[in-house]
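Remarks on the overall topology
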Amino acid sequence: MATFVWACFDGGGNVPPSVGIAQALVARGHRVVFAGRPEMAPRVTAAGLPATVLESSYARADAYAWHPRGRLFSFLTDPAVGEEVLALRADEDADVLVVDAMFGAALDAAPHAGVPVAVMLHTFLHRTIDGWEVLMGDQAEARRRAGLGTMPDVRTLWRRADALHVNALEEFDSPALTPWPNARHGAPVLALDSRARPVHGADDERPHVVVSFSTAVAQSSVSKLQRTLDGLADLPVRVTATVGAVTPDALVVPQNATVLAFADHGRLMQDAALVVTHGGHGTAMRALRHAVPVVCLTGRAEDQEGVAALDQPRVAAFLEERGAGRSLPADAPADAVAAAASQVLTEPSFAAAARRLSDALQARDGAAEAADRLEGLLTA
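Here goes a summary of the coordinates provided. The shown structure was predicted, so the numbers you read here are calculated from the model rather than taken from an experiment.

1. Focus: the packing of helix α10 (residues 281-289) against helix α11 (residues 312-321)
Their axes nearest at 9 Å, the elements α10 and α11 cross at an angle of 25 degrees. When the interaxial angle is binned, α10 and α11 end up roughly parallel. Crossing geometry of α10 relative to α11 is assigned as right-handed. Residue-level contacts link His-281, Ala-284, Met-285 and Leu-288 of α10 to Val-315, Phe-318 and Leu-319 of α11. Class assignment for the residues of the contact of α10 with α11 results in 6 nonpolar, 1 polar and no charged.

2. Notes on the nonpolar core
Residues Leu-97, Phe-103, Trp-132, Trp-158 and Leu-288 are the most contacted members of the largest nonpolar core, which totals 75 residues. The biggest single contributor to this core is helix α6 (residues 129-145), with 6 residues. Ignoring sequence-local partners within four residues, the contact set of Leu-97 consists of Val-5, Val-85, Leu-86, Arg-89, Ala-110, Ala-113, Val-115, Pro-116, Val-117 and Ala-118.

3. Concerning the packing of helix α3 (residues 70-77) against α6
Contact geometry for α3 and α6: axes closest at 10 Å, N-to-C directions at 95 degrees. The orientation of α3 relative to α6 falls into the category roughly perpendicular. Across the interface between the two elements, Phe-73, Leu-76 and Thr-77 of α3 pack against Asp-138, Gln-139, Ala-142 and Arg-143 of α6.

4. Quick word on the sheet that holds strand β12 (residues 294-297)
If you walk across this open sheet you meet the 6 strands as β10-β9-β8-β11-β12-β13, and the pairing is parallel. Either end of the sheet is taken by a strand with one partner, and the two such strands are β10 (257-260) and β13 (325-328). Taken over all neighbouring pairs, the strand axes of this sheet differ in orientation by 15 degrees on average, direction set aside. Across 3 bridges, the pairing between strand β11 (residues 272-277) and β12 is parallel. Looking at β12, one finds that Thr-277 is bridged to Cys-296. Its contacts with the sheet place α11 against β12 and β13, and it is angled at close to 140 degrees to β13. On the sheet, helix α12 (residues 334-346) packs against β8 (208-212), β11, β12 and β13 and is oriented at approximately 170 degrees with respect to β13.

Parameters and conventions
- Residues numbered from 1 in each chain as written.
- Predicted model: local features only at pLDDT ≥ 70, side-chain atom pairs only at ≥ 80, totals over all residues.
- Heavy atoms only, no water.
- Axes fitted to C-alpha atoms, helices over the stretch in contact; angles between N-to-C directions.
- Helix = DSSP H or I, 4+ residues; strand = E, 2+ residues; numbered from the N terminus.
- Parallel < 35°, antiparallel > 145°, perpendicular 65-115°, else oblique.
- Left-handed = near helix turned anticlockwise from the far one by under 90°.
- Contact = heavy atoms within 4.5 Å.
- Nonpolar A, V, L, I, M, F, W, Y, C, P; charged D, E, K, R; others polar.
- Core = buried A, V, L, I, M, F, W, Y, C linked by side-chain atoms within 4.5 Å.
- Buried < 20%, exposed > 50% of the residue type's maximum accessible area, 1.4 Å probe, protein only.
- Pairing = 2+ DSSP bridges.

Structure representation (structure tokens):
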């Protein structure tokens, strides 16, 4: 049995795939201990895995008071947080350190772990690297302005790890412009969010539209949800919307819609005809696995923790490129949502493209492939 310490960022699309991989490792007899900020722990322990809160997460948040997301960036970039990750690795006598691709402080400290290090990326690599350069550059600048030193660029942070594992299909990503010797693509890890609740099928012959935007608090938008529900209200469809951190009472729910906080997306998409989402990699790939076309209302970087600038528009562009969906801006009005949804529902080419892409996903187990890669570090 080996022990893995997993330095985790609890973004909306980070925790479920991380937990899915960890569960695959546990099923093989290993132990996985998660480490992150206080918001992370309940999501991980609810899935039956141990989680350690890094006490230094916000210890120097005052140094980041000038930043609009100062507490978040203190967690992501404070060198003390990275040092605490290393101390936990030593205390647990862990054999491998796994670090979320967005967790700058842990990435910077990782070369001093004394054990193999794996970086986990839960979206495309080549389609998004320019955005990652901006995002991680912002982290480095935040650390500098806080008076806490410097941080290498993202290519250095990722390349010096023993493994960079990409939980995305290589054939869906763009060709590499520059080599990444330590990078290997696997497949999407479509694990159930620990907050999801069971759902049951409905006796309703109308096409089923699933609406799901980001579950991250910083990415929540009552306005975007309301405009989407309003756009779908007059279409001959039934709608199930999972609204995450948005309070359902904040929405005016039309008669053809049901609103839930969290739900089993795999079950919802089994009979879906369309998914309307923000363009997150996990939701989009789950839709394609079920051969469901997609309409994306991509997020705007200024509304979020930075991920939208590198991930969501690229996923949306991929769907349009392959003919499996439409992309709209985050502030698209209700009539634009209605027009895009009607087009995707009525033009057979969108469903046909989604079925073609689904074929590439059917035989792949992203959690098992990532677990294989991590186990490979034990004998490297």
